[in-house]
Amino acid sequence: MTQSARPEHPAASESRRGFFAKVAAVACGGLATLAPVAAGLWTFLDPLRRKGAAATFLPVTELSAVPDDGVPRQFAVVAERIDAWTGFAREPIGAVYLRREKGSTEVEALSATCPHAGCFIELEGNARGFRCPCHNSQFSLDGGILEPSPSPRVMDSLECRVGPKGEVAVKWENFYSGIAGKVARS
Amino acid sequence: MNGKSPPRRSGLLTQLGDFFDDRTGWRAAVHEALYERVPGGARWRYVWGSTLVFAFLTQVITGLFLWASYSASGQTAWESVWYIQHEMAGGWLLRGIHHFMAQAMVVLLALHLLQVVIDGAYRAPREVNFWLGLVLMMLVLGMALTGYLLPWDQKGYWATRVATNLAGLVPLVGPAVQQLVVGGPDYGHHTLTRFFALHAGFLPATLVLFLVVHLVLFRKHGLCARQPITKPDAMFWPDQVLKDAVAMLAVMAVVLGVILVPAVRTMLAGGTVVPGELGAELGAPADPSQPYAAARPEWYFLFLFQFLKVFEGWGATGEFLGAIVVPGLIMGVMFMMPIVGRWQLGHRFNIAFTLGLLAGIGLLTGLALNEDYYALWADRQQLAEAEKIFDETQGDEAKVLAAVGGDKPRAAVIVGQFAKVEKLRRSESFLAAVKMARADAERAVELAGRPERIPPGGALELVRHDPKAQGPRLFAQHCGSCHTHLDPAQPGVEALLAKSSAANLHGFGTAVWMKGLLDPEQVAGPAYFGNTAHKDGDMVGFVQGDLQDHDTWKPADIEAVIAALAAESGLGDPETPAAVVAQGRTLVASDERCGACHRFGENGTDLGTACDLTGWGSREWLVGIITDPTHERFYGDLNDRMPSFGKAAEGSMPMLKDDQIGLLADWLRGQWYRPAAAHR
């Protein structure tokens, strides 16, 4: 556009009218566009309303399946699960390590989720400790840190109950990773 | 604007603006965009193009957000749309805006086209831009067509089947094109992924490309001003922009109005607004095994649907002509408009053609709606006699004269009304189908909302295993030609019962049903044994004879027997005192009472003379009798005409599978999922 195309020297009333028109145009256009943006954000933010399942004790195995040799064994945690619109009947939702000291009937449970960045911690082949394959966090068999290890805290222990008939149940919880404190996600 | 502005006192914002202006020249660009001269001043008639851009922008915004929650596959498309619509906060509004703005866009397209043609804006040098506009129109219609399928509900599924089958009629390439679009020989996951890619990827990307060129050319040529110019020129900003913005707001207000007016109505009527029921409809999940007589395209394609009927009887050739050749010719004429419009007469032809086309579309749409909804406004009083004779003669015109007693002029009038009667009947079945489709959709939504949610196999699995959804269908298909299932309390039931040839199974297993059976007035009536071989059987004789001897059968005894049998089915009144039920059981078992013929528990009566009353009306009992009524537990050799639905003749399949028989039994017993009142 060339300068000459503009109307010349608009009168004061003209410019006031122009100002009003500009404000009104921006307001109308903005309001019209606000509707889809607002509806979109409203829906997009829906996940923030949703809470994870409350921490509950889930049956994992029998006491007899956890040998009293101090070596952790990996067990799947099975539960019903709802994923948005789909309801799953009982299926594996995660894993825990269970171990038992010689002669003890108490079972210790460690979450298999690495407190560093949330990868799946593996039991080393020689059963001397745990190692996370992602960033080499290393832990002892009782979950303590073995330096060098990038993990900010020891492996997350989970509450564990042994029932009268030897059924082992674990309180299934997830914790925030990457921080020194063990804070449950709710 | 030139790059070097004079030094001025400036705030931080201005300095920041200057910094970027020096490096990008954005001020000049904005100036260029806004200060376009509008010859003759701003006008309302120029707003249509801008509202279309706005509508497209709205679709992009809402579409992207929908995309964030949509999942395109046979087991998740309906389910994810259900979740958006009924579970996600604001999902109903998001989907509603997307759905209704798509429809608004079609209307705006028509208005924009009409304005361009009337103003002759396609003439030199704007021919190419007109052609681009036509391409844009087809792209928008393509997005409307592909979007219709994505919820994978019955209406989208069947409409798409029709549309893709029509595409298959194109000579030579048709079948290949169809198979490519569908993603294989059958409709499924890849139909959805492909339609989704078309809808949200290929088509909008192409549209943006064409739109950019369309807008660039529009700015190059300037606005095609309405002649004669009487007012002074104005600037695009803010004069025309204000009008455009007001029009955009009006369009959005209409869309929001369509979504929200039902909510306001509900509130005014004192009801509770359920957000999931607002906005765009979601039908029952797509089911290739269920007929869907309510299948219609979206209203803006209804004219094509109706137009195809013109070629009825021509077979595939007719459909090819109606769906492809004629629309193709019309598009061809429209593409020629800029050439034809060079002459004044040609321009008039173009206007007349466009108006005629829109009028034709309007007329066809009206005809389609009239055919479908005729029953709502037809004068039934006037057609009553014709309807009666139509039923008597089964539409056979040759028999009408006899039916009206040889009155020739009257016969002619009646025959003349037969077309209307047929139209009425078609409309009635369409409306019934729509009603059924709504009920199915509501039920699917109800089932999906169970606390257990949808099984991994998808919502169709839920619907297929739902007695409430499947029971009436199975009953109509397999039982309804003899049995009825009618609430005796409804008016006008007698006439329907009289036509049946077996018992009315409404409320079977309940005390009410049993009470009717033991009523001497009813037992030989059409609701029980009246229209069966058992009309003169022992049971009818017993109810009308021995049972009326009130010294033996005190009214309290009969009540106790009824209570005991209702308890057997599990459908009895839980309030009934246990002592009454126990007394009834003793009477039923006694070999001087019911037990004389009927086996009941361990009473030792031989099977084969009458039905075993152990667990009468229970699921197991019903499954048993439907499976094989000739079994000695039921009618044995005395079975009237009832087929053994679950028993296969050698080398063939049974008429009903076990799970279907189970669904029927559950439905007859009224056993299906009901949402807790608090859930709604």
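Note that the structure is predicted; figures quoted are calculated from it, not measured. (Residues numbered from 1 in each chain as written. Chains lettered and ligands numbered in written order. Predicted model: local features only at pLDDT ≥ 70, side-chain atom pairs only at ≥ 80, totals over all residues. Heavy atoms only, no water.)

Student: Before we move on, can you summarise the overall build of chain A with the specific residues and values?
Tutor: In terms of helices and strands, chain A carries one helix and ten strands. Reading chain A from its N terminus to its C terminus gives the helix and strand order α-β-β-β-β-β-β-β-β-β-β. Relative to its length of 186 residues, chain A is extended, with a C-alpha radius of gyration of 29 Å against a globular reference of 16 Å. Here chain A holds 186 residues, and 34% of them are scored as buried. The long-range share in chain A, meaning contacts at least 24 apart out of those at least 6 apart in sequence, stands at 45%. Accessible area of chain A: about 10,900 Å², with a carbon and sulfur share of 56%. With 21 positive and 20 negative side-chain charges, chain A shows a spacing of 8 Å between the two charge centroids. (Helix = DSSP H or I, 4+ residues; strand = E, 2+ residues; numbered from the N terminus. Rg over C-alpha atoms; globule rule 2.2 N^0.38 Å. Buried < 20%, exposed > 50% of the residue type's maximum accessible area, 1.4 Å probe, protein only. Contact = heavy atoms within 4.5 Å. Areas by Shrake-Rupley, 256 points an atom, 1.4 Å probe, with all protein chains shown as cover. Lys, Arg positive; Asp, Glu negative; His and termini not counted. Charge placed at Lys NZ, Arg CZ, Asp CG, Glu CD.)

Student: Account for the pattern of salt bridges, with residues named and values stated.
Tutor: Applying the stated criterion across every chain yields a total of 40 salt bridges over all chains. Here Arg49 of chain A ties to Asp46 of chain A by a salt bridge, and the two come within 3.1 Å at their closest N and O atoms. Accessibility expressed as a relative area gives 51% for Arg49 of chain A, which makes it exposed. Ionic pairing is found between Asp666 of chain B and Arg619 of chain B, a salt bridge with its closest N-O pair at 2.8 Å. Of the two residues, Asp666 of chain B sits in helix α25 (residues 658-668) while Arg619 of chain B sits in helix α24 (residues 619-627), which places them 47 residues apart along the sequence. Relative accessible area serves as the criterion here: at 40%, Arg619 of chain B is assigned to the partly exposed category. Salt bridges sharing partners connect three or more residues here, namely Arg380, Glu387, Asp391, Arg425 and Glu428 of chain B. (Salt bridge = Lys/Arg side-chain N within 4 Å of Asp/Glu carboxyl O.)

Student: If you had to explain the confidence of the model for chain A to someone new, which residues and values would you point to?
Tutor: Of the residues in chain A, 94% have a pLDDT of 70 or more, and the chain-wide mean is 89. Here residues 1-5 of chain A scores under 50 on pLDDT; set against residues more than four positions off or in separate chains, the count is seven contacts. (pLDDT = per-residue confidence, 0-100.)

Student: Quick rundown of the state of the cysteines? Include the residues and the values.
Tutor: Residue and element names in this part refer to chain A. One pass over the structure, following the stated rule, counts one disulfide over all chains. Paired through a disulfide, Cys119 and Cys134 show a sulfur-sulfur distance of 1.9 Å. The sign of the S-S torsion, about -95°, decides the handedness of the disulfide formed by Cys119 and Cys134: left-handed. One end of the pair, Cys119, is in the loop between β4 (108-111) and β5 (122-123); the other, Cys134, is in the loop between β6 (130-131) and β7 (138-139), and 15 residues separate them in sequence. (Disulfide = S-S within 2.5 Å.)

Student: Summarise unusual backbone geometry; cite the residues concerned and give the values.
Tutor: All names here are of chain B. Backbone torsion omega between Ala124 and Pro125 reads 5°, so that peptide bond is classified as cis. You can see Pro125 is positioned in the loop between α5 (91-118) and α6 (127-149). Positive phi, normally seen in glycine, also occurs at Trp152, with a value near 55°. Take Trp152: it is sitting in the loop between α6 and α7 (154-167).

Student: Can you tell me about the interface of chain B and chain A, naming the residues and giving the values?
Tutor: Size of an interface: often given as the accessible area lost when the parts come together. At the interface, 47 residues of chain B touch 35 residues of chain A. Counting each side, the surface lost to burial between chain B and chain A is near 3,300 Å², with a carbon and sulfur contribution of 74%. Contact with chain A buries area across many residues of chain B, yet Phe65, Tyr83 and Ala89 of chain B alone supply 16% of it, more than any other trio. There are one salt bridge connecting chain B and chain A. With its nearest N and O atoms 3.5 Å apart, the salt bridge here joins Arg17 of chain A to Asp239 of chain B. Counting residues per element, the side of chain B that touches chain A draws most heavily on helix α10 (residues 236-268) of chain B, which supplies eleven residues. Looking at side-chain class alone, the side of chain B that touches chain A contains 30 nonpolar, nine polar and eight charged residues. (Buried area = accessible area lost by both parts, 1.4 Å probe. Nonpolar A, V, L, I, M, F, W, Y, C, P; charged D, E, K, R; others polar.)

Student: Describe the side chain of Asp557 of chain B, with residues and values.
Tutor: Residues and elements named next belong to chain B. Within the secondary structure layout, Asp557 lies in helix α22 (residues 555-569). Overall, the relative accessible area of 9% leaves Asp557 in the buried class. A distance of 3.4 Å separates the side chain of Asp557 from the side chain of Arg593, its partner in a polar contact. Not counting the four nearest positions on each side in its chain, Asp557 is found in contact with Thr552, Gln583, Leu587 and Arg593. (Polar contact = N/O pair within 3.5 Å; in protein donor to acceptor, adjacent residues only side chain to side chain.)

Student: Describe the environment of Arg43 of chain B, and please don't skip the residues or the numbers.
Tutor: All names here are of chain B. Along the polypeptide, Arg43 turns up in the loop between β1 (37-38) and α3 (47-67). Note on Arg43: relative accessible area 28%, which makes it partly exposed. For the pair Arg43 and Arg226, spaced 183 residues apart in the sequence, the C-alpha separation amounts to 9.1 Å. Ignoring sequence-local partners within four residues, the contact set of Arg43 consists of Arg226, Gln240 and Lys243.

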